[in-house]
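Spelled out, the chains give:
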Amino acid sequence: MAAGAPRVFVSHLSGVPVFDPNGDQVGRVRDLVAMLRVGGRPPRILGLVVEVVSRRRIFLPMTRVTGVESGQVITTGVVNMRRFEQRPTERLVLGEFLDRRVRLVETDEEVTVLDVAIQQLPARRDWEIDKYFVRKGRGGALRRKGETLTVEWSAVSGFSLEEHGQGAENLVATFERLRPADVANALHHLSPKRRVEVAAALDDDRLADVLEELPEDDQVEILGKLKEERAADVLEAMDPDDAADLLSELPEEDKERLLTLMRPDDAADVRRLMSYEERTAGGLMTTEPIVLRPDATVADALARVRQQDLSPALAAQVYVCRSPDETPTGKYLGTVHFQRLLRDPPFTLVSSIVDSDLVPLPPDTPLPTVTSYLAAYNLVSAPVVDESGSLLGAVTVDDVLDHLLPEDWRETDFHGEEGILHGRT
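All values derive from a computational prediction rather than experimental measurement.

Asker: Would you take a moment to explain the overall build of the protein chain for this structure?
Answerer: A tally of regular secondary structure across the protein chain gives 16 helices and 18 strands. Classification of the 425 residues of the protein chain by burial places 50% in the buried group. Of all intrachain contacts in the protein chain linking residues separated by at least 6 positions in sequence, the fraction that spans at least 24 positions is 60%. Carbon and sulfur atoms provide 50% of the accessible area of the protein chain, an area that totals close to 20,900 Å².

Asker: How do you make sense of helix H5 (residues 204-211) when you look at a structure like this?
Answerer: Because an α-helix packs 3.6 residues into every turn, residues spaced three or four apart end up facing the same way. Within H5, burial applies to Arg206, Leu207, Ala208, Val210 and Leu211. Of the surrounding elements, those touching the buried residues of H5 are helix H3 (180-188), helix H4 (192-201), helix H6 (216-225) and helix H7 (228-237). Its side-chain oxygen 3.2 Å from the backbone nitrogen of Asp205, Asp203 forms the N-cap of H5.

Asker: What exactly am I supposed to notice about a nonpolar patch on the surface here?
Answerer: Together, Leu401, Leu404 and Leu405 line one region of the surface with nonpolar side chains, adding up to about 250 Å² of accessible area. By the element assignment, Leu401 lies in helix H16 (residues 397-404). Classification of Leu401 by relative accessible area gives partly exposed; the value is 43%.

Asker: Mind showing me how you'd approach the packing of aromatic side chains here?
Answerer: Tallied over the full model, the rule gives two aromatic pairs. Look at Phe59 and Phe84: their rings are 6.2 Å apart centre to centre, the planes differ by 20 degrees, and that puts the pair in the stacked class. Residue Phe59 is found in strand E5 (residues 57-61), and its partner Phe84 is found in the loop between strand E7 (72-75) and strand E8 (90-92); the two are separated by 25 residues along the sequence. Phe84 matches Phe59 in its accessibility class, with the two residues each being buried. Aromatic pair Tyr373 and Tyr377: ring centres 5.2 Å apart, planes at 65 degrees, arrangement edge-to-face. Judged by relative accessible area, which is 10%, Tyr373 ranks as buried.

Asker: What am I meant to see in the pairing of strand E3 (residues 25-35) here?
Answerer: Regular strands show a simple pattern: their side chains alternate between the two faces of the sheet. Pairing of strand E2 (residues 17-19) with E3, which is carried by three bridges, proceeds in the antiparallel orientation. Bridged to Pro17 within E3 is Arg28. Hairpin geometry of E2 and E3 is characterised by an intervening segment of five residues between the two adjacent antiparallel strands and by a positive phi of about 90 degrees at Gly23. As judged from the eight bridges shared by E3 and strand E4 (residues 44-52), these two strands associate in the antiparallel manner. Its bridge partner lying in E4, Leu32 is registered against Leu48. Bridging between E3 and E8 involves three bridges; their strand directions are antiparallel. What sits directly across from Met35, in E8, is Glu90.

Asker: What exactly am I supposed to notice about a negative patch on the surface here?
Answerer: Taken together, the side chains of Asp203, Asp205, Asp209, Asp239, Glu288, Asp309 and Asp398 make up a negatively charged region of the molecular surface. You can see Asp309 is positioned in the loop between helix H12 (298-305) and helix H13 (312-315). The exposure class of Asp309 is exposed, given its relative accessible area of 70%.

Asker: So what exactly am I meant to see when it comes to the pattern of salt bridges here?
Answerer: Should the charged atoms of two oppositely charged side chains come close, the side chains can pair. Scanning all chains against the criterion turns up 23 salt bridges. Here Glu221 and Arg195 are joined by a salt bridge, their closest N and O atoms 2.8 Å apart. Placement of the pair is Glu221 in helix H6 and Arg195 in helix H4, with a sequence separation of 26 residues. Among the ionic pairs, Arg257 bridges to Asp254, the shortest N-O distance being 2.5 Å. Placement of both Arg257 and Asp254 in helix H9 (residues 252-261) is noted, with a separation of three residues, approximately one turn of the helix. One continuous salt-bridge network, built from bridges that share partners, spans Asp99, Lys193, Arg194 and Glu197.

Asker: Looking at this model, I keep getting lost on H6. Mind explaining?
Answerer: Looking only at H6, the buried set comprises Asp218, Gln219, Ile222 and Leu223. The arc enclosing the buried residues of H6, seen along the axis, measures out at 125 degrees, which places them on a common side. Exposed side of H6, more than 90 degrees from the buried face: Asp217, Gly224 and Lys225 are the residues found there. Turning to H6, the residues buried within the fold contact H3, H4, H5, H7, helix H8 (240-247) and H9.

Definitions and limits used
Residues numbered from 1 in each chain as written. Predicted model: local features only at pLDDT ≥ 70, side-chain atom pairs only at ≥ 80, totals over all residues. Heavy atoms only, no water. Helix = DSSP H or I, 4+ residues; strand = E, 2+ residues; numbered from the N terminus. Buried < 20%, exposed > 50% of the residue type's maximum accessible area, 1.4 Å probe, protein only. Contact = heavy atoms within 4.5 Å. Areas by Shrake-Rupley, 256 points an atom, 1.4 Å probe, with all protein chains shown as cover. Polar contact = N/O pair within 3.5 Å; in protein donor to acceptor, adjacent residues only side chain to side chain. Patch = residues over 30% accessible without salt bridge, like charges linked within 9 Å, V, L, I, M, F, W, Y side chains within 5 Å. Salt bridge = Lys/Arg side-chain N within 4 Å of Asp/Glu carboxyl O. Phe/Tyr/Trp six-rings, centres within 6.5 Å; stacked < 30°, edge-to-face > 60°. Pairing = 2+ DSSP bridges. Lys, Arg positive; Asp, Glu negative; His and termini not counted. Charge placed at Lys NZ, Arg CZ, Asp CG, Glu CD. Arc of directions from axis to C-beta.

So this is what it looks like as structure tokens:
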């Protein structure tokens, strides 16, 4: 390599923005595509996997990359909007190289790949893998034992073989700042083997959030590969309505076994949701809306609304009910929208500002009626109340959209195929 040729560690490229020559953002880097070569030559970097605004992943050849610097990638501006599809001879650097266990050629010692450096060839736009940053022993990024060192690409062997039991700590670290929907999109594009490995490395809460954003087939695949106790823990961490939807896709014996392993209170919520028809208010609702007693104050309500783990739809309003204040509650009295909470003094009782004019939904309300109800009253969530007047839960607009959109909407793009300028090279 020529002195001064750019060298970049691929972990620093994950998620960086990609710009055209005019400074307009094209998307973000999600992976790099490499091709293993014979004859002692280093693997060649064919291009980048870029996620554009529609969440589509496209292929950007390295020959169209004019700069990789200062936390950004600059392109020639010519972009093929066709969806990226990995070819048999290609390897994803972040998805398949990080956490891989290989061996040092000189000593035959096992090491774990923590990062990969790529370097541009002199006077060309071609890039090759230049070095590997590795840790000795069988530890990933989270295990701090063992010497770390940077070695030439030719100093290691083992990339040409499929590895069983590959770790995932370093790849998970690249997902740390991504939203659950973006992590789900990344997992969906990994091989089934790698998808399960990475999912297993996520903590329960993070995996629960990601599972809620995955297509049903991926959810079932991942859950089926977890140990049953871990699967039950993840189901407990999911929103009850999403856990119920996932369990309904499993064989009856697997479903019952997992429900038995869950905490009784969590299992009871899920069982109750599964007792309703899928495309009804009862089947769509969550059992964990914000419920307050009549003697709660505006200050109490705002404190609940501020909880970080609440979705915007659930935080949009609180439901005032008599004791008990967990679903199914005592008598439902009405709702208070968060905008009303912002307009009244903190010491005001919620019972004095409750809106009792809005008729709640029965649990057997069909999906089209639920949709019309939300649209007619400009709501993002609606109460579901049984015949005795108890609040059972709330239907949120995001759950309604999940059932209105095509079943494969998570796997499709927000825009069509327009914008194809050139074929992939």
